[in-house]
Amino acid sequence: MDTSPFLSLPGAVDIADSGVPSHYGSPLAEQRALLDGAIVDLSDRAVLSITGPDRLSWLNSLTSQSLLGLQPGESSETLLLDVTGRVEHAVRLIEDGSTLWLLVDRPEATGLLAWLDSMRFMLRVELTDHTETLATIGTLGEPPLPIAAPNAVPLIWHDPWHAVTPGGHQYARGEHPGASWSWSERVVPRDALPSIVARVESGELTAAGTLAADALRIAAWRPRFATEVDERTIPHELDWLRTAVHLTKGCYRGQETVAKVHNLGHPPRRLVMLHLDGSEGVHPARGAEVTLDGRVVGTVTSSALHYELGPIALAIVKRSTDPAATLTVDADGTPVAAAQEIVVPPEAGAEAHVPHLPRLGAVTRTPRP
């Protein structure tokens, strides 16, 4: 993978070997900067497109979200499921009136393109990989960037996580930290990256690393395919019906599982946010075991040190795990106590109305002006 020009900035460190900066020396300060409109280099991700008059109806028939009414300049997200309802791909979408743009993590691109190509049949659609010419920048603000607009519509993906989308359903109860999540991903010409870096060096723009973005994402309970999804994941477990699934649209692969679990059953696992005891000074990695009374009940999917909340993590645990219990996370051999903040309650699914569960360990969240 090519390295990004952002890695030439002072203090830039790529601890994930992803080709983009994880941080620039001050991850906590970078979280604050990100809240104030800093930019995050996401040029390690892929940009794909679907052209042709059948593009929306075709993808609508294959994936979980309703896309038929997508207008130029609108964005959405959708999931490609297998026949048993398990998540195979998560795709961020931008429609510009002539082309449907797909933003995905780089490892997904080849497999997604190959599968979509196999499903074209006689439909009027064409698939293209633009990753060599287009790149993505993430932000919570409105920074001045040279946004690509090949069909006169700026390519900006606005994350829908701030609210339940039409046809969706939220399992989380009470105040939702995602309500103030204003994340967007802006597509720019890849050859413009050096000039954007120069503007950071001059002080015109501020850059934050991917660690800062992850910390704020975790605090917003926002799932990501690269971290929260494994080979068993169904959308209900991550509260992803909130923005990526339309419950009353027509048939698509995996729909039967989506409907049955939502209307008749319960997801076998559930997403929680963990407030970790930081007294030991250790931090769990992705994949760390989560236990209760010595029994493994789940796995950490993402973790971070948040500038206000301290050490936090997202984890997938068994549905039967006591939501009031303090769990234990194995941080490289050191047991760390973890209070649960309930994202998906155990009763999610067939119960039309679940009781309010307290958000254990949570702090009062004051919306930023």
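Here we summarise the structure given alongside this text. Keep in mind it's a predicted model, so treat the numbers as computed, not measured.

**So, the environment of Ser184**
- Structurally, the position occupied by Ser184 is in strand S9 (residues 184-189).
- Taking the C-alpha atoms as reference points, Ser184 and Arg222, separated by 38 residues in sequence, lie 13 Å from one another.
- Ser184 has contacts with Ile137, Gly138, Thr139, Gly141, Ile156, Trp157 and His158, leaving out every residue within four places of it along the chain.
- A polar side-chain atom of Ser184 sits 3.0 Å from a polar atom in the side chain of Arg186.

**What about the pattern of salt bridges?**
- If you walk through the whole model with that rule in mind, you get 18 salt bridges.
- Across the pair Asp54 and Arg124 runs a salt bridge, and its minimum N-O distance is 2.9 Å. Residue Asp54 is found in the loop between strand S2 (46-51) and helix H2 (55-62), and its partner Arg124 is found in the loop between helix H3 (106-118) and strand S6 (126-129); the two are separated by 70 residues along the sequence.
- Among the charged side chains, a network of salt bridges with common partners joins Arg45, Arg92, Asp105, Glu185 and Arg224.

**As for the side chain of Ser302**
- Mapped onto the elements, Ser302 comes out in strand S13 (residues 295-306).
- On the basis of relative accessible area, Ser302 is assigned to the buried category, the value being 5%.
- Here Glu228 takes part through its side chain, which lies 2.6 Å from a polar atom of the side chain of Ser302.
- Non-local contacts of Ser302, meaning those with residues more than four positions away in its chain, are made with Arg217, Ile218, Thr227, Glu228, Ile312, Ala313 and Leu314.

**Considerations on helix H5 (residues 210-219)**
- Burial runs high along H5: 7 of the 10 residues are buried.
- For H5, every residue scored as buried is listed here: Ala212, Ala213, Ala215, Leu216, Arg217, Ile218 and Ala219.
- Directly beyond the C-terminal end of H5, a positive phi value near 60° is found at Trp221.

**Here's the deal with the sheet that holds strand S16 (residues 334-342)**
- What the 6 strands build is a closed barrel, ordered S11-S14-S13-S12-S15-S16; its pairing is antiparallel. In this sheet, adjacent strand axes meet at a mean angle of 40° when their direction is disregarded.
- Two elements, strand S15 (residues 327-331) and S16, share 5 bridges in a ladder whose sense is antiparallel. Bridging from a neighbouring strand, Thr328 pairs with Ala337 of S16.
- Against the sheet, H5 makes contact with strand S11 (269-276), S13 and strand S14 (310-318), and its axis sits at roughly 125° relative to S13, the strand it touches most.

**Some words on the packing of aromatic side chains**
- Under the counting rule described, the total for this entry stands at 1 aromatic pair.
- With 5.8 Å between their ring centres and 10° between their planes, Trp181 and Trp183 make a pair best called stacked.
- On the basis of relative accessible area, Trp183 is assigned to the buried category, the value being 7%.
- Note that Arg92 overlies the ring of Trp157, its terminal NZ or CZ placed 5.8 Å from the centroid.
- The ring centre of Trp161 lies 5.0 Å from the NZ or CZ of Arg242, which sits over that ring.

**Focus: a positive patch on the surface**
- A cluster of basic residues, Arg86, Arg232, Arg295 and Lys318, forms a positive patch at the surface.
- Note that Lys318 resides in strand S14.
- According to the relative accessible area criterion, Lys318 is partly exposed, its value standing at 43%.

**A few points about a nonpolar patch on the surface**
- Together, Val13, Ile15 and Leu211 make up a nonpolar patch on the protein surface, roughly 230 Å² of accessible area in all.
- Along the chain, Leu211 falls in helix H5.
- A relative accessible area of 32% means that Leu211 is categorised as partly exposed.

**With respect to the pairing of S16**
- As defined by bridge partners, S11 adjoins S16 across 5 bridges and the pair is classed as antiparallel. Among the inter-strand pairings, Val272 is bridged to a residue of S16, identified as Ile342.
- The hairpin formed by S15 and S16 contains 2 residues between the paired strands, and Asp332 there has a positive phi angle of roughly 55°.

So, how was this worked out
- Residues numbered from 1 in each chain as written.
- Predicted model: local features only at pLDDT ≥ 70, side-chain atom pairs only at ≥ 80, totals over all residues.
- Heavy atoms only, no water.
- Helix = DSSP H or I, 4+ residues; strand = E, 2+ residues; numbered from the N terminus.
- Contact = heavy atoms within 4.5 Å.
- Polar contact = N/O pair within 3.5 Å; in protein donor to acceptor, adjacent residues only side chain to side chain.
- Salt bridge = Lys/Arg side-chain N within 4 Å of Asp/Glu carboxyl O.
- Buried < 20%, exposed > 50% of the residue type's maximum accessible area, 1.4 Å probe, protein only.
- Pairing = 2+ DSSP bridges.
- Axes fitted to C-alpha atoms, helices over the stretch in contact; angles between N-to-C directions.
- Phe/Tyr/Trp six-rings, centres within 6.5 Å; stacked < 30°, edge-to-face > 60°.
- Lys NZ or Arg CZ within 6 Å of the ring centre and 35° of its normal.
- Patch = residues over 30% accessible without salt bridge, like charges linked within 9 Å, V, L, I, M, F, W, Y side chains within 5 Å.
- Areas by Shrake-Rupley, 256 points an atom, 1.4 Å probe, with all protein chains shown as cover.
- Lys, Arg positive; Asp, Glu negative; His and termini not counted.
- Charge placed at Lys NZ, Arg CZ, Asp CG, Glu CD.

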